[in-house]
Amino acid sequence: MRKIGIHTEFIRLDALLKLAGVTPTGGEAKLLIQEGGVSVNGEPCLMRGKKLIPGDRVEAEGEVLLVAAEEQPPVFRVRLKRKS
């Protein structure tokens with residue numbers, strides 16, 4: 001099982017497959033999903049736009065992926081002063 005960290009509330013199924021390297025392109029991810037080659041939490045899934053949240057488990061191409069929340073790195077803001 002491989003953990004795939006996300007910094008957002010959810011990730012779409014096709015995007016997860018591409019991010020994890022299961023498929024090299026979004027088009028190939030779409031085909032894999034439409035052909036029934038993917039299951040989410042043990043159930044076959046044909047919806048490429050399925051929203052996955054941390055804790056969801058995806059199986060595809062012999063790989064098991066676990067969606068995990070990753071802490072977002074801190075954002076620093078810089079205030080620039082204009083020269084008069």
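Here we summarise the structure given alongside this text. (Residues numbered from 1 in each chain as written. Predicted model: local features only at pLDDT ≥ 70, side-chain atom pairs only at ≥ 80, totals over all residues. Heavy atoms only, no water.)

Here's the deal with the side chain of D56
Moving on, step 1. Along the chain, the position of D56 falls in the loop between β5 (51–52) and β6 (57–60).
Moving on, step 2. The buried charged residue D56 lacks any salt bridge, with K50 as its nearest oppositely charged partner at 6.1 Å.
Moving on, step 3. D56 has contacts with N41, K51, L65, L66 and V67, leaving out every residue within four places of it along the chain. (Helix = DSSP H or I, 4+ residues; strand = E, 2+ residues; numbered from the N terminus. Buried < 20%, exposed > 50% of the residue type's maximum accessible area, 1.4 Å probe, protein only. Lys, Arg positive; Asp, Glu negative; His and termini not counted. Salt bridge = Lys/Arg side-chain N within 4 Å of Asp/Glu carboxyl O. Contact = heavy atoms within 4.5 Å.)

What about unusual backbone geometry?
Moving on, step 1. Located in the positive-phi region is N41, a residue other than glycine, with phi close to 55°.
Moving on, step 2. Counting through the fold element by element, N41 comes out in the loop between β3 (38–40) and β4 (43–44).
Moving on, step 3. Exposure remark for N41: the relative accessible area of 43% places this residue in the partly exposed category.
Moving on, step 4. Phi at E61 is positive, roughly 50°, even though this residue is not glycine.
Moving on, step 5. The class of E61 is exposed, set by a relative accessible area of 55%.

Description of the pairing of strand β7 (residues 63–69)
Moving on, step 1. Where strand β1 (residues 2–6) meets β7, 5 bridges bridge the pair, whose relative direction is parallel. Bridge pairing links G5 to A68 in β7.
Moving on, step 2. One ladder, built from 4 bridges, connects β6 with β7; its direction is antiparallel. Looking across to β7, one finds that A60 is bridged to E63.
Moving on, step 3. As consecutive antiparallel partners, β6 and β7 are separated by 2 residues, and within that stretch E61 has a phi angle of approximately 50°, a positive value. (Pairing = 2+ DSSP bridges.)

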